[in-house]
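# Breakdown of the fold
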Amino acid sequence: AAAVAPVLSACPRLRELALSRVGSVGDALLGHIAAHCPELIGLDISHCSQVTDAGLGHVLAGCPGLRRVTAEGCVGVTDRVYA
């Protein structure tokens, strides 16, 4: 995930991002996505075991146009984050 952060910083107009099954993806990277990818509309973080409600909450707040989130298998993500 550390290698992905600089790339994301250079792509503020990124619209879709698939990180499914990338074991190193966690809340810190999601915070980076929220800060640097405001035009994101689709995010797949399925089976990223280090992701929690806090990290996904940052993305939901920082990417107002986000329409599709796939978080299947993220044991740290609950329905409360979408409330």
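In short, a report on the structure. (Residues numbered from 1 in each chain as written. Predicted model: local features only at pLDDT ≥ 70, side-chain atom pairs only at ≥ 80, totals over all residues. Heavy atoms only, no water.)

### A closer look at the overall build of the chain
- What the chain contains, in helices and strands, is three helices and three strands.
- Starting at the N terminus and walking to the C terminus, you meet the elements of the chain as α-β-α-β-α-β.
- What you see for the chain is a C-alpha radius of gyration of 11 Å, in line with the 12 Å of a compact globule of 83 residues.
- Projecting the C-alpha coordinates of the chain onto the three principal axes gives extents of approximately 30 × 25 × 15 Å.
- Out of the 83 residues belonging to the chain, those deemed buried represent 35%.
- Contacts spanning at least 24 positions in sequence make up 76% of the contacts within the chain whose residues lie at least 6 apart. (Helix = DSSP H or I, 4+ residues; strand = E, 2+ residues; numbered from the N terminus. Rg over C-alpha atoms; globule rule 2.2 N^0.38 Å. Buried < 20%, exposed > 50% of the residue type's maximum accessible area, 1.4 Å probe, protein only. Contact = heavy atoms within 4.5 Å.)

### Description of helix α3 (residues 53–62)
- Within α3, burial applies to D53, G55, L56 and V59. The arc that holds every buried residue of α3, seen down its axis, measures 165 degrees, which confines them to one face.
- Summarising the contacts, the buried residues of α3 are in contact with α2 (27–36), β2 (42–44) and β3 (68–70). (Arc of directions from axis to C-beta.)

### Things to note about the environment of S9
- In this fold, S9 is placed in helix α1 (residues 4–9).
- Those residues in contact with S9 that lie beyond four places of it in its chain are H32 and H36.

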